[in-house]
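Understanding the architecture of this molecule
The primary structure of each chain is shown beneath.
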Amino acid sequence: MQPWALVRIGLAIGLATLEVVGAAQVAVQHTGRTLTLGNVSYFVPPSPVSTLNNAATLVKPTSGDLIPFSVIPTSKTIFDQKALEETIAEWTARDDVWSEAFLTGVYITFNGTHGRPLTAIGSTQKTFGIEFVLRSKSYSSGVNLKTTLPSGPYFLEPATGNIFEAYHLYNDENQSFLYGTIPDGEGGFQILPARISGAATETIGVPSRLYFTPTPEKPLAGYRLAVKDIFDVKGLRTGCGNRAFWQLYPPKERTAPAIQRLLDGGMVLVGKAKTSQFANGETATDDWVDLHAPYNPRGDGYQDGSSSSTGPGTATAAYPWLDFAVGSDTGGSMRGPAGANGVFGNRPSHNAVSLDDVMPLSPELDTAGIFSRDAKLWAAAGHWWYQNFTSFTRFPKKIIFPTDFFGGSFTENPPAEGTIGATFNTFISKLEKFLNTTRTEVRFSDLWNATKPANVSAPTLQALLSTTYADLITLDQIALVADPFISDFGAANGGRVPFIDPAPLARWNYGRALPVGRKEEAVANKTVFMDWFASEVIKAGDPETCADAIFLYPQSAGGTNYRNQYISAPSAPLGFSSGRIAVHAGTPDMVVPIGEAPFNSTITGKEEFLPVTLSFVTAKGCDLMLFNLFAALQEAGILSPVLTGSRVFG
């Protein structure tokens, strides 16, 4: 059997009916092919990326079968056995799309600047089963492709000479995605027209990393991106977690500027990820109705993934083939999933990026963040995305440790070894040593009481801000999303009302009952807190470190939240907590994984582990200082990249 006979073109060759004329004429259009090579499923896009002239005479067989082969650019004047072996080793380590199954043939192209190149791969050709070796025109008797191609795996159609890219197809086992995407050739995207078997799951296709080379203009070239389904993407519908909303409105005509910035930097969009409905907080057990809640891969696999950026957060924690995922944070929708799923995730300073063409929850509070498993990559993405901030490479010497959020003083009462408190304390001690400082312990509530503005009559922060968040998000979303949607749906459906999940419905009902003037009161209270935090807690403007302090609090402490346990009915998100500080202050709040906590799972009956994460807060506009700090902490071995799957660190 020839090696290319392993390519089994399945019945999933996409044929989309475009027009039916009478009973006899049917116009069809190829939408791509799904095939299997070496027990791996691939998608072959419908449009070729190049052509090999006279392919039928250069490559056997000449049937219409697709032949897998590799394009190998080289600057070496002599490309010999060692060079080929080094290339194979590098590609195997670097790429999950290419495999030795693509060594049916090779096309070697010289990109050096001088000399007459030669190839001498000798017995290595037989060792790897390479059936044909083609060379570019730089070589004696070489042939050029119609369009020069980057390195990597391709499929050749001998009968036409057409060359196609290869997409590795993955099963979305954690149900994090709505669908996979591919470019539509017109600056937008379309839903991936391919499917592999799975348990009610979507299929995601990823192109070879070898196709991309980062440059100063595209520093993030080839990094794969998932986007929360509240961000508009040209060619795709935005569903916001609601089936009726997805069906009612047509595909978008432009991509949200925040997402376009990442695409312009070279990122590759591979899919739209699920959001809890209209970005409101939902719990997996009974709040998710229109969509099935994504699965948090950590621990026993049946812990809630937090919300509302559930799909992006769970996907980042689950899939090594995904590099970044974009979500939003209004009241905790980035930080909660980052903590629950044990990945790096941030709420940036307010107004860090444009939120045009993004579904709003509350414009006064909405932000866009990004998930990653690696602090250095996270920092690289942050530097590209948040382009209006100044980068600082020196760091504040003051660490604020709020004892009321950590459950007490760790200085006076050091946590016992093996406890969650000890995990936090050990990390903070390393941070102190790195920054050459010691923590400043305060009670946040006492700090407020001692320094609050004289004209504030509320006796406590809780009293001042108890309804502020709930009032803003409900009143804003009713006006900007709910009422227009309900009106549009009714007009298109004979006056009917669309289905709304319990959580957003409860919040909207709360907002509709509020008296006139509550939004203005909420904005005023938020402003009081924002101004106080900027003047009394963390001050901006330091010429060397941007801010004068870093504020820490626990984000997740390894606690269980089983998705098979029923909860109480949803209600408005009242109250004030540590997670609301950055919301009302407009500051960055960035989550980093620092450890794991064991627990005895009622699902598996075994000891499992859940993430322990810490939040860093600093002054508004000092986001890049924190990104640089985390990259430096990873370089120093104090932070570590996280793994995918059940364990954060293994």
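Every chain begins its residue count from 1, and numbering advances along the sequence as written. It should be noted that, the model being predicted, local features are given only for residues of pLDDT at least 70 and side-chain atom pairs only at 80 or more, the latter also being counted only at that level, while totals for whole chains, interfaces and linings use all residues. Side-chain numbers come from the whole structure's heavy atoms, not from hydrogens or water.

As a further point, take the overall build of the chain. Labels follow the DSSP assignment, with helices taken as runs of H or I lasting at least four residues and strands as runs of E lasting at least two, numbered in each case from the N terminus. On a plain count of helices and strands, the chain comes out with 17 helices and 28 strands. Note that the radius of gyration is over C-alpha atoms, with the globule rule given as 2.2 Å times the number of residues to the power 0.38. Here the C-alpha radius of gyration of the chain, 27 Å, is about what a compact globule of 650 residues would show, namely 26 Å. Along the longest, intermediate and shortest principal axes, the C-alpha atoms of the chain span 85 × 65 × 50 Å. Relative accessibility thresholds used throughout: buried, under 20% of the residue-type maximum; exposed, over 50%; partly exposed, between the two (1.4 Å probe, protein chains only). Within the chain, the proportion of its 650 residues that are buried is 56%. Should any heavy atoms of two residues lie within 4.5 Å, those residues are considered in contact. For the chain, restricting intrachain contacts to residue pairs at least 6 apart in sequence, the fraction spanning at least 24 positions comes to 77%. As displayed, the chain has an accessible area near 26,100 Å², and 51% of this comes from carbon and sulfur atoms. When the 49 positive and 59 negative side-chain charges of the chain are each reduced to one mean point, those points stand 4 Å apart. All accessibility values rest on the Shrake-Rupley procedure with a 1.4 Å probe; residue burial counts only the protein chains present in the view. Counting rule for charge: Lys and Arg are taken as positive, Asp and Glu as negative, and neither His nor the chain ends is counted. A charged residue contributes its charge at one atom only: NZ of Lys, CZ of Arg, CG of Asp or CD of Glu.

Let us look at the sheet that holds strand β14 (residues 177-183). Sheets are built from strands paired through backbone hydrogen bonds, the pairs being either parallel or antiparallel. Read from one edge to the other, the open sheet built from 6 strands follows the order β15-β14-β18-β17-β19-β21, with strand pairing classed as mixed. The open sheet has two edge strands with one neighbour each: β15 (189-191) and β21 (367-371). Across the sheet, the axes of successive neighbouring strands diverge by a mean angle of 30°, strand direction being ignored. Strands were regarded as paired on the criterion that DSSP finds at least two bridges between them. Pairing of strand β17 (residues 224-228) with strand β18 (residues 268-273), which is carried by 5 bridges, proceeds in the parallel orientation. Considered in β18, the bridge of Leu-225 is made with Leu-269. Sheet strands touched by helix α8 (residues 375-385): β19 (324-329) and β21. Its angle to β21, the strand with the most contacts, is close to 150°. Axes, fitted as lines to C-alpha atoms, cover a helix only where it is in contact. Angles between the N-to-C directions of the axes lie from 0 to 180 degrees.

Two measures describe an aromatic ring pair: the distance that separates the ring centres and the angle between the ring planes. To pair, rings of Phe, Tyr and Trp, with the six-membered ring standing in for Trp, must have centres within 6.5 Å; the planes then decide the type, stacked if under 30 degrees apart, edge-to-face if over 60, and tilted in the middle. With the rule as written, the count across this model stands at 44 aromatic pairs. Between Tyr-42 and Phe-102, the ring centres sit 5.4 Å apart and the planes meet at 85°, which makes this aromatic pair edge-to-face. With a gap of 60 residues between them, Tyr-42 in strand β4 (residues 40-44) and Phe-102 in the loop between α2 (81-94) and β8 (105-110) connect regions that are remote in the sequence. By relative accessible area, Tyr-42 is classed as buried at 1%. Overall, Phe-102 belongs to the buried group, its relative accessible area being 0%. Here Phe-529 and Phe-576 contribute two aromatic rings whose centre-to-centre distance is 5.7 Å and whose plane-to-plane angle is 65°, an arrangement assigned as edge-to-face. Pair noted here: Phe-529 is in helix α15 (residues 518-536) and Phe-576 is in the loop between β26 (550-557) and α16 (581-585), with a separation of 47 residues, a long-range link. Residue classification places Phe-529 among the buried residues on the basis of a relative accessible area of 0%. Three or more aromatic residues link up through ring pairs in this structure, and these residues are Phe-344, Trp-378, Trp-385, Tyr-386, Phe-389, Phe-427, Phe-616, Phe-627 and Phe-630. Look at NZ for Lys and CZ for Arg. If either is within 6 Å of the ring centre and within 35 degrees of the ring normal, a charge sits over the ring. Here the guanidinium or amino end of Arg-580 rests over the ring plane of Tyr-469, the centre of that ring lying 3.8 Å away. For Arg-647, the ring lying beneath its charged end belongs to Phe-609, and the centroid distance is 3.8 Å.

In terms of residue burial, β8 counts as a mostly covered element, since 6 of its 6 residues are buried. Side-chain alternation along β8 places Gly-105, Tyr-107 and Thr-109 on one buried face and Val-106, Ile-108 and Phe-110 on a second face that is also buried. Where strand β6 (residues 67-74) lies against β8, 5 bridges are found, and the strand directions are parallel. The residue bridging Ser-70 from the neighbouring strand is Val-106, located in β8. Both β8 and strand β10 (residues 132-135) contribute to a ladder of 4 bridges, which runs parallel. In the sheet register, Val-106 faces β10, and the bridge partner there is Val-133.

Closest axis-to-axis distance for the helix α11 (residues 444-451)/α15 pair is 12 Å, and the angle between their directions is 95°. For the element pair α11 / α15, the angle class is roughly perpendicular. Within the contact between the two elements, α11 uses Phe-444, Leu-447, Trp-448 and Thr-451 and α15 uses Val-528, Phe-529, Trp-532, Phe-533 and Glu-536. By residue class, the composition of the contact of α11 with α15 is 7 nonpolar, 1 polar and 1 charged. For this classification, under 35 degrees means roughly parallel, over 145 means roughly antiparallel, 65 to 115 means roughly perpendicular, and everything else is oblique. Polarity classes work like this: nonpolar for Ala, Val, Leu, Ile, Met, Phe, Trp, Tyr, Cys and Pro, charged for Asp, Glu, Lys and Arg, and polar for all others, with Gly in that last group.

Bringing the nonpolar core into the picture now. Formed by 168 residues in total, the largest nonpolar core has its most connected members in Phe-444, Phe-529, Phe-533, Leu-614, Phe-616 and Phe-630. At 8 residues, helix α17 (residues 623-635) tops the list of elements feeding residues into this core. In contact with Phe-529, other than residues within four places in its own chain, are Phe-444, Leu-461, Leu-465, Phe-576, Ile-581, His-584 and Ala-585. For our purposes a nonpolar core is just a set of buried Ala, Val, Leu, Ile, Met, Phe, Trp, Tyr and Cys residues, chained together by side-chain atoms within 4.5 Å.

A separate point is the pattern of salt bridges. It is possible for side chains bearing opposite charge to pair when their charged atoms get close. Criterion for a salt bridge: a side-chain nitrogen of Lys or Arg within 4 Å of a carboxyl oxygen of Asp or Glu. Scanning the entire structure with this criterion turns up 19 salt bridges. Of the charged contacts in the structure, one is a salt bridge between Glu-90 and Arg-94, with a shortest N-O distance of 3.8 Å. On the criterion of helical spacing, the pair formed by Glu-90 and Arg-94 is a turn pair, its members being 4 residues apart in helix α2. Close ionic contact of Lys-519 with Asp-476 constitutes a salt bridge, the shortest N to O distance being 2.6 Å.

The side chains of a regular strand alternate, residue by residue, between the two faces of the sheet. The element β18 is largely enclosed, with a buried count of 6 among its 6 residues. Sheet analysis places β14 next to β18, joined by 3 bridges and oriented antiparallel. Residue pairing across strands places Gly-180 opposite Gly-271, the latter belonging to β18.

Scope: geometric values only; no functional claims are made or implied.
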